Amino acid sequence: MKEKITGAEALMRSLEHEGVETLFGYPGGSIMPVYDALYDHRDTLNHILVRHEQCAAHAAQGYARVSGKVGVCLVTSGPGATNTITGIADAMMDSTPIVVIAGQVGAGFLGTDAFQEVDLVGVTQPITKWNYQIRRAEDVAWAVSRAFYIARSGRPGPVVLDFTKNAQTDTVDYEPKDVDFIRSYVPEPETDPVLLDEAARLIDSARKPLALVGQGVELGNAQEELKAFLEKANIPCGCTLLGLSAIPTAHPLNKGMLGMHGNLGPNIKTNECDVLIAIGMRFDDRVTGRLDAYAKQAKVIHLDIDPAEINKNVPVDIPVMGDCKKTLRLLTEKISPADHSEWIGSFREYETTEQTRVIEPEIHPAAGPLNMGEVVRAVSDATRNEAILVTDVGQNQMMAARYFQYGKPRSIVTSGGLGTMGFGLPAAIGATFARTGRPVCLFVGDGGIQMVLQELGTVMEQKAPVKIILLNNNFLGNVRQWQAMFFGHRYSFTPMLNPDYQQISAAYGIPSRRVMERAELAGAVREMLTSDGPFFLEACVVEEGNVMPMTTPGSSVDEMLLEC
């Protein structure tokens, strides 16, 4: 027999029906009935009170990226809802499944410019997979089930539910819903067996194949299928920023990171290979450089779940549509074992050059201030490469991505497509609630941390065990590097006057340490990692350090500078 309950209570039960355990949010007037219902579900729904709604969205992203589940955030109408927009856009760019539930004025007040009314559906339409305004309590169960189905299926992404106040307070005969089919929505396109055969033949005939590994491998949980494919065909690979942990750093076929600040070998070899196999990646401009000079010599095979990505940036010879967990397995069955040792060996000269001229001076400097890269590598080594890396955006992001070592899947959480400063701290908080048992290490710059310092309050209240490593160079470092390279060292508003982060940490009850000398680094890292709960490690690094190599804007992917 159906039970008559309020729409707010129906939301709680629908979230529980979807398996939600954790949600991030901030209460307010138009969502108050939902928060009142949440009071009776505190044993099953763990609500994390953030200090700003944007950070609720980012925390939901961090949780989703590490756990593989849908992240959920709960906010009020008006400014509460609009504060989540950066996080929603970030989730859309990086294919992160989150559901944002926002309060809204009553249906009778829509369109009247009522207090804290905003057209959230209209505002978020371009940056969501789906959005919907719930105006009746009868629609709650259906809308929630549909939202979760859309968010997590196919190419994942954000969904927004705009929940009017009357729909929260009205009553309904509640019955849970299970949406697993939408007539107009095809989350996984059909794989064409003819194109699979063509792709296998092309791979078998290749002399210099190169695979480009993207986040789609992580999203599809296809890490083992990827290794089986690469190992059978003996194909070297490069990884996008978000795909870095799809294959262990130490795997002999992993040749490093692609893109503007990636490794020499995979970037240069992109313009030498004869067959390019893109797997779950979207040919972002930071990966391709000049499109008119990108891999023109190669036949391109593109494995992807989203038809919109095929031929969007790079012309494709053979598209293989479908979930890469399935298509990689099918492709591996069809290809023949191969030996490309000579081709793989040709990467060695570039690896040696980069190791000698860039990597060694960065992680093992002879003297001088601490380098960003050496701090990153020290933390990675101390965790035996098993930690989850979370970064903010800027030089801290690129240095962390380059010098951290990845041993397990789903080990990097960063803002790729949108490049959102302030992403790191809330995303790291969210990552800790995935409960993996692995340390969560956040690398952040002095610019990004100051955008979200208030979230140290969330860390304090939740005792979230985030290991915060601030790479403090007293600059907006990435912008300063570009000003040095392209604007004649005219440092226009990039020097930072910083607060005393040790005093700030103390105010929030978070243990901290400042490191200025190389001799102190190992001990400080050990203290951080062995301490229970959160820790704030401030590393005072060289002020004008640069991230190298670099493909400058307007250059070809194989035109990388080793120094500036």
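Keep in mind that what you see is a predicted model, and the values were worked out from it rather than measured. (Residues numbered from 1 in each chain as written. Predicted model: local features only at pLDDT ≥ 70, side-chain atom pairs only at ≥ 80, totals over all residues. Heavy atoms only, no water.)

Draft legend 1. Layout of the pattern of salt bridges. Tallying each qualifying case throughout the model produces 25 salt bridges. Connected through shared salt-bridge partners, Arg155, Asp306, Glu309 and Lys312 make up one network. (Salt bridge = Lys/Arg side-chain N within 4 Å of Asp/Glu carboxyl O.)

Draft legend 2. Structural detail: the domain arrangement of the chain. Its domain assignment divides the chain into domain 1 (3-174), domain 2 (193-346) and domain 3 (354-540). One C-alpha centre belongs to domain 1, the other to domain 2, and the line joining them spans 37 Å. Contacts between domain 1 and domain 2 engage 7 residues on the former and 7 residues on the latter. At the boundary of domain 1 with domain 2, the tally comes to 2 salt bridges. The salt bridge involving arginine 155 is made with aspartate 306; its shortest N-O contact spans 2.8 Å. In this assembly, domain 1 and domain 2 are joined by 4 residue pairs in polar contact (both at pLDDT 80 or more). Classifying every residue of the side of domain 1 that touches domain 2 by side-chain character gives 2 nonpolar, 2 polar and 3 charged. (Domains from an automatic or database assignment. Contact = heavy atoms within 4.5 Å. Polar contact = N/O pair within 3.5 Å; in protein donor to acceptor, adjacent residues only side chain to side chain. Nonpolar A, V, L, I, M, F, W, Y, C, P; charged D, E, K, R; others polar.)

Draft legend 3. Spotlight on the packing of aromatic side chains. If you walk through the whole model with that rule in mind, you get 13 aromatic pairs. Look at tryptophan 482 and phenylalanine 486: their rings are 5.4 Å apart centre to centre, the planes differ by 75 degrees, and that puts the pair in the edge-to-face class. With a gap of 4 residues between them, tryptophan 482 and phenylalanine 486 both fall in helix H22 (residues 477-486), about one helical turn apart. Take phenylalanine 486: its relative accessible area is 36%, and that puts it in the partly exposed class. Over the ring of tyrosine 39 we find arginine 42, and its NZ or CZ is 3.7 Å from the ring centre. Between lysine 269 and the ring centre of phenylalanine 347, over which it is positioned, the NZ or CZ distance is 5.8 Å. (Phe/Tyr/Trp six-rings, centres within 6.5 Å; stacked < 30°, edge-to-face > 60°. Helix = DSSP H or I, 4+ residues; strand = E, 2+ residues; numbered from the N terminus. Buried < 20%, exposed > 50% of the residue type's maximum accessible area, 1.4 Å probe, protein only. Lys NZ or Arg CZ within 6 Å of the ring centre and 35° of its normal.)

Draft legend 4. Molecular detail of helix H19 (residues 424-432). With respect to burial, H19 is a largely interior element, 9 of its 9 residues being buried. By the burial criterion, the buried members of H19 are Gly424, Leu425, Pro426, Ala427, Ala428, Ile429, Gly430, Ala431 and Thr432.

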